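Chain by chain, the residues run as shown.
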Amino acid sequence: MNGRTVLERFPAGGPRGSWPAEEFAQARRLEGMPAEVVMDLATDTFLVIVRSGEAAVDAVA
C-alpha cells in the first residue's frame, strides 16, 4: 500500500489560467480534509490525494 487515497484525477492540459485540481483540493481542505495535489508523471495527470496517516488523525480528532 502506498499510504494515500486518490480523491480525484485531472488532466494536466487544463484550460489556460484554470487550476481545477487546486480548486478541488482547496474545497476539500475547507471541509477539513488535508487534501493535496501531486503530479502523476506516468499518466500526465494531477491527483488530489489524502495521505492515509493524516486522514486517520483527522477522523479521530
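In what follows, the structure referred to is the one given above.
Conventions and cut-offs
Residues numbered from 1 in each chain as written. Predicted model: local features only at pLDDT ≥ 70, side-chain atom pairs only at ≥ 80, totals over all residues. Heavy atoms only, no water. Phe/Tyr/Trp six-rings, centres within 6.5 Å; stacked < 30°, edge-to-face > 60°. Helix = DSSP H or I, 4+ residues; strand = E, 2+ residues; numbered from the N terminus. Buried < 20%, exposed > 50% of the residue type's maximum accessible area, 1.4 Å probe, protein only. Lys NZ or Arg CZ within 6 Å of the ring centre and 35° of its normal. Contact = heavy atoms within 4.5 Å.

Draft legend 1. View of the packing of aromatic side chains. Counted under the stated rule, the structure contains one aromatic pair. Seen in terms of ring centroids, Phe10 and Phe24 are 5.7 Å apart; in terms of plane orientation they differ by 55°. Their pairing is tilted. Of the two residues, Phe10 is situated in strand β1 (residues 4-11) and Phe24 in helix α1 (residues 20-30); the sequence distance between them amounts to 14 residues. You can call Phe10 buried: its relative accessible area is 15%. Owing to a relative accessible area of 22%, Phe24 belongs among the partly exposed residues under this scheme. Over the aromatic face of Phe24 sits the side chain of Arg28, whose NZ or CZ is 4.4 Å from the ring centroid.

Draft legend 2. Inspection of the environment of Leu7 at higher detail. Secondary-structure assignment places Leu7 in strand β1. Residues Leu7 and Glu36, spaced 29 residues apart in sequence, show a C-alpha to C-alpha distance of 9.8 Å. Those residues in contact with Leu7 that lie beyond four places of it in its chain are Phe24, Arg28, Met33, Ala35, Val48, Ile49 and Val50.

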